[in-house]
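Residue-level structural notes
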Amino acid sequence: MKLDAEVLERLYATMVRIRRFDEKTVELFNAGLVKGTAHSYVGQEAVAAGACATLRLDDYIVGNHRGHGHCIAKGARVDRMMAELMGRETGYCRGLGGSMHIAALDLNILGCNGIVAAGVPIGAGAALAAKLGKTDRVAIAFFGDGGANQGVVHEAMNLAAVWSLPIVFLCENNRYALSTASERTTAGEGIASRAAGYSIPGVRVDGNDAIAVYEVVSTAVERARAGRGPTLVEAVTYRWGGHSMRANLPEYRTKEEELEWMARDPIARLETRLVDENLVPPTRQKELREAVEVELDQAVAFATASAEPTVELMEAAVYAPHVRVSEPAVRTGREITFAQALNEAIRYEMERDERVFVMGEDVGLIGGIFGVTRGLREAFGEGRVRDTPISEPTFVGMGVGAAIAGLRPIVELQIWDFVAMTMDQIVNQAAKFRYMLGGTPTVPLVIRGPQGGGIRLAAQHSQSLEAWFVHVPGLVVIAPSTPYDAKGLLAAAIRDDNPVIFLEHKVLYAQKGAVPEGSYAIPLGKAEIKRAGTDVTVVATQVMVQRALAAAADLAQEGISVEVIDPRTLVPLDEETILASVGKTGRLVIVHEAVKRGGFGAEVAALVSEKAIDLLDAPIVRVAARAVPMPYNDTLERATIPSQQDIVAAVRGLF
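The notes below deal with the structure included here. (Residues numbered from 1 in each chain as written. Predicted model: local features only at pLDDT ≥ 70, side-chain atom pairs only at ≥ 80, totals over all residues. Heavy atoms only, no water.)

A word on the overall build of the protein
Each helix and strand in the protein was counted, giving 22 helices and 21 strands. Taken against the 2.2 N^0.38 rule, which gives 26 Å for 655 residues, the C-alpha radius of gyration of the protein at 28 Å falls within 12% of a compact globule. If you line up the protein on its principal axes, its C-alpha atoms span 95 × 55 × 45 Å. Looking at the protein as a whole, 60% of its 655 residues qualify as buried. Considering only residue pairs separated by 6 or more positions, the protein has 81% of its internal contacts joining residues 24 or more positions apart. For the protein, the accessible area works out to roughly 24,600 Å², and carbon and sulfur atoms hold 52% of it. (Helix = DSSP H or I, 4+ residues; strand = E, 2+ residues; numbered from the N terminus. Rg over C-alpha atoms; globule rule 2.2 N^0.38 Å. Buried < 20%, exposed > 50% of the residue type's maximum accessible area, 1.4 Å probe, protein only. Contact = heavy atoms within 4.5 Å. Areas by Shrake-Rupley, 256 points an atom, 1.4 Å probe, with all protein chains shown as cover.)

Structure below.
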């Protein structure tokens, strides 16, 4: 491949800019201006420069913790990058992300990442968005030799191959995962050879030769852009410095090895080639280096003069504004099941917005094991209703990437207990992405599925885990109890610009209720008083709402008036309705199916204790599951889950 002088100049200037940026970062770190840590890219410049030179502005990249080079090569401004490293408001992430999380959505840099290889499924999600949008955009996902052993890398390559996604998986093999040599951790003939397992091309290239990298990645990008699917590229290179600027680790490489690789300096090699082949003369190279020095001096001045972010900016960065909708004035309608109500919500939102799509295990051909997505594949096609492999961490991560890239994914987890497999993508990626980028982007993603016991599925298929997600800033958590609420809240969740955890209780799927026809949405953060009362407030969630209402009917025969409140959304929580009710009744019982210790009820109890303790006439009581995993035996399962009788007894105990 013959490269013209303009491309070669750009490659050279980019490599010099990357190196001098990270050398300057070391100086600033040692001076105390760059805090925390940063990971130098010195020695690896040819990989990012060569790879990103093959891309268009509208193509995507996802970097890693050593991502300064990736960002600069894709066109990021060094002044805003330097400001971010110094924690200033003018930085790409407004000082909230730092070195490991720099992103520039205007350049389609979808974030660098502090979690090893976590960006790979996000990049695959962006590639899926490109394919669903019928564009010819391409994604490159950078990861290291250490990251190559993460399960999500293999899962993402498999799924990208199955769906023929336009993505290049680019492994920068710098031979060490922190301090551990790759030959001690990585089996086989090299990382590129793993491509054979997914029937995609795998190419090993000299990662210190910018022109070789450019040629190999160009071929991979052209293949992806033409719709022929992914490629795995392994670029063999070497980082000159330690793992990070903060590590202060014992020596783990020999000086001989370090000097041997420094002799293969990618910048010096390119300089020599440009001169020997009379492509870019030394005088022009000198001009380019001097321009970089001026640019860096200006970047440091810009960063040091910039203001630091405020607490107000920080707190406003966590959530995008919630969707504004009005609850229907009329709630009458046909009697349909909870599952049918969810299906209607998805169907109407898919008709309303072509960016909405569904993916998960068995959601297409059979319509999900609980029937929630039944008929959607026939209505909207396999492109928008996608059966996935059993690869929860990766297809959830792809949902994150697709949402960042402009779609509105609905990801179904077949059984909610499986969410434990996906926690990195939910907690470290989806929940934090907007915040780490300074409160600018949106992640309109719904992750939904069935939780709870009551149908004899035992300990690994029956947990109620809402408290995990209530604890995480950045997530919306919704837990409906009726078909009417399920339809309206799911519609609102799909329209919201935040990542939403949408919890569906298995026992409720077959429950029927009146549901209006047509499309409607219910505001997030608005509780409902399911039954008015004057003597005691019962706050109940999901299937416990029905049991609380039955208990209230029993207690009414004894002259005890119970007010039953269903929060409907746990985050945001309608504190006002709960506090007003407690102010009226003077007593509070909280009921949920999850284990009592550390459960959502503790949060409600703390809320009332902090804001309305003087209004209480009796201690707060929590009714919840026993502190055991869910048993298989049906008698023991009933003994574990709170019953109507347990709620009655708790209320009676307050009088």
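A word on the environment of Leu 465
Within the secondary structure, Leu 465 sits in the loop between strand 12 (446-451) and helix 16 (466-470). Measuring from C-alpha to C-alpha, the distance between Leu 465 and Trp 416 comes to 8.1 Å, with 49 residues separating the pair along the chain.

As for the packing of aromatic side chains
One pass over the full model with this rule turns up eight aromatic pairs. Judged by centre distance (5.2 Å) and plane angle (5 degrees), the ring pair of Tyr 238 and Trp 261 falls under stacked. Within this pair, whereas Tyr 238 is found in the loop between strand 7 (231-236) and helix 8 (255-262), its partner Trp 261 is found in helix 8, the two being separated by 23 residues in sequence. Residues Phe 370 and Tyr 509 carry aromatic rings whose centres are separated by 4.8 Å and whose planes lie at 25 degrees to one another, so their mutual orientation is stacked. Of the two residues, Phe 370 is situated in the loop between strand 9 (356-360) and helix 13 (376-380) and Tyr 509 in the loop between strand 14 (500-505) and strand 15 (512-515); the sequence distance between them amounts to 139 residues. For Phe 370, a relative accessible area of 25% translates into the label partly exposed. Taken together, the ring pairs connect Tyr 176, Tyr 238, Tyr 252 and Trp 261 into an aromatic cluster. If you follow Arg 264 out to its NZ or CZ, it ends over the ring of Trp 261, 4.2 Å from the centre. The lysine or arginine in question, Arg 386, covers the ring of Trp 163, its NZ or CZ lying 4.2 Å from the ring centre. (Phe/Tyr/Trp six-rings, centres within 6.5 Å; stacked < 30°, edge-to-face > 60°. Lys NZ or Arg CZ within 6 Å of the ring centre and 35° of its normal.)

Some details on helix 17 (residues 483-495)
Across its 13 residues, helix 17 extends 19 Å between first and last C-alpha, which sits within 8% of the 18 Å expected from 1.5 Å per residue. Where burial is concerned, most of helix 17 is hidden: 13 out of the 13 residues are buried. (Expected span 1.5 Å × (residues − 1).)

Remarks on the pattern of salt bridges
All chains considered together, the criterion is met by 43 salt bridges. Asp 485 is the salt-bridge partner of Lys 530, the closest N and O atoms lying 2.7 Å from each other. With Lys 530 in strand 16 (residues 528-531) and Asp 485 in helix 17, this residue pair connects regions lying 45 residues apart in the sequence. The exposure class of Lys 530 is partly exposed, given its relative accessible area of 23%. Through salt bridges with shared partners, one network takes in Glu 327, Arg 331, Asp 485, Glu 528, Lys 530 and Arg 568. (Salt bridge = Lys/Arg side-chain N within 4 Å of Asp/Glu carboxyl O.)

A few points about unusual backbone geometry
Between Val 571 and the following residue, Pro 572, the backbone shows a cis peptide bond with an omega angle of -5 degrees. As for its placement among the helices and strands, Pro 572 is situated in the loop between strand 19 (569-571) and helix 19 (575-585). Despite not being glycine, Asn 108 shows a phi value in the positive range, around 60 degrees. Looking at the element boundaries, Asn 108 is found in the loop between helix 4 (78-85) and helix 5 (119-132). On the basis of relative accessibility, which here comes to 12%, the residue Asn 108 falls in the buried class.

Quick notes on the sheet that holds strand 21 (residues 621-625)
With mixed pairing, the five strands of this open sheet are ordered in space as 16-18-17-20-21. Two strands lie at the open edges of the sheet, namely strand 16 and strand 21, each paired on one side alone. The average undirected angle you get between the axes of adjacent strands in this sheet is 25 degrees. The pairing of strand 20 (residues 588-595) with strand 21 spans four bridges and is parallel. Bridging from a neighbouring strand, Val 591 pairs with Val 623 of strand 21. (Pairing = 2+ DSSP bridges. Axes fitted to C-alpha atoms, helices over the stretch in contact; angles between N-to-C directions.)

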